[in-house]
Amino acid sequence: MQDVTKVDPKIEQSWKEHLLSEFQADYFKALKSFLLEEKKKYTVYPPGSRIFAAFDYTAFDRIKVVILGQDPYHGRGQANGLCFSVNDNITKPPSLVNIFKELKDDLDIPLPKSGNLEKWAEQGVLLLNATLTVRAHQAGSHQNKGWEQFTDQVIRILSGKKEGLVFLLWGKYAQAKEVLIDNSKHYILKAPHPSPFSADRGFFGCRHFSQTNEILKSQGKKEIDWRL
């Protein structure tokens, strides 16, 4: 996939049809200019070919579940374009460890060796960060540069054009996006963030993975195999 800083970012075709107007908008042009300057001075994660990985792994017509994150990981080799996910052979960050603990308690799924969530994405789980890039070792460094406007529009499009999606909103930041979702058409499951600072306030025991599958089953959709 072409780098986002090129004139026409390449993205999975079904998504491009819905997002082309965003790529052509003034705010997105400003975002591209910002990223070009950033890359001249700093290391930026994830690599350009992975910026739109969440879309490339989960075509628009296949989406069943949406998990919202905030920023890509900012450590070397961690970010792979899917929220909460890390590449194979990378130490799992604490929030991801807690996600796997809840998964084990909920569905008795053994703790996986890898933190790579591509298998979820391939089954229709959109793993979307609000901000799609970050400067190395500087958390939040690409916030308020245009990415949030882009990803908010993604959520609005999903809400308007799809039905029966399950949105998993973990933590206050993700829950603030609830206003973008039509809850008469979709299912919204909320819990505290899986961070060690908040997981024991209700993320543990939320049973969102089994609840998601129950909702999908009730709609006649194939359940997610959460094993990795």
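So, how was this worked out
Residues numbered from 1 in each chain as written. Predicted model: local features only at pLDDT ≥ 70, side-chain atom pairs only at ≥ 80, totals over all residues. Heavy atoms only, no water. Helix = DSSP H or I, 4+ residues; strand = E, 2+ residues; numbered from the N terminus. Expected span 1.5 Å × (residues − 1). Buried < 20%, exposed > 50% of the residue type's maximum accessible area, 1.4 Å probe, protein only. Arc of directions from axis to C-beta. Contact = heavy atoms within 4.5 Å. Polar contact = N/O pair within 3.5 Å; in protein donor to acceptor, adjacent residues only side chain to side chain. Phe/Tyr/Trp six-rings, centres within 6.5 Å; stacked < 30°, edge-to-face > 60°.

S.K.: In this structure, what is going on with helix α2 (residues 26–41)? I would like to understand it.
M.R.: Residues lying three or four places apart along an α-helix face the same way, a consequence of the helix completing one turn every 3.6 residues. With 16 residues, α2 should reach 22 Å at 1.5 Å per residue; the first-to-last C-alpha distance of 23 Å fits that figure. By the burial criterion, the buried members of α2 are Tyr27, Phe28, Leu31, Lys32, Phe34, Leu35 and Glu38. For α2, the arc enclosing every buried residue in end-on projection is 165°, short of the 170-degree limit, so these residues lie on one face. With respect to the buried face of α2, the exposed residues turned more than 90 degrees away are Asp26, Lys40 and Lys41.

S.K.: What is the right way to read the environment of Asp88 from this model?
M.R.: Of note, Asp88 is situated in the loop between β2 (65–69) and α4 (94–107). Separated by 78 residues in the primary sequence, Asp88 and Val166 have C-alpha atoms spaced 27 Å apart. Leave out the neighbours within four places in its chain, and Asp88 touches Ser114 and Asn116. A polar atom in the side chain of Asp88 sits 2.6 Å from the side chain of Ser114.

S.K.: Mind showing me how you'd approach the packing of aromatic side chains here?
M.R.: Two measures describe an aromatic ring pair: the distance that separates the ring centres and the angle between the ring planes. One pass over the structure, following the stated rule, counts 20 aromatic pairs. Both rings, one in Phe55 and one in Phe150, keep their centres 6.1 Å apart while their planes meet at 65°; by these two values the pair is edge-to-face. Pair noted here: Phe55 is in helix α3 (residues 53–57) and Phe150 is in helix α6 (residues 147–161), with a separation of 95 residues, a long-range link. Of the two residues, Phe55 and Phe150, both sit in the buried class.

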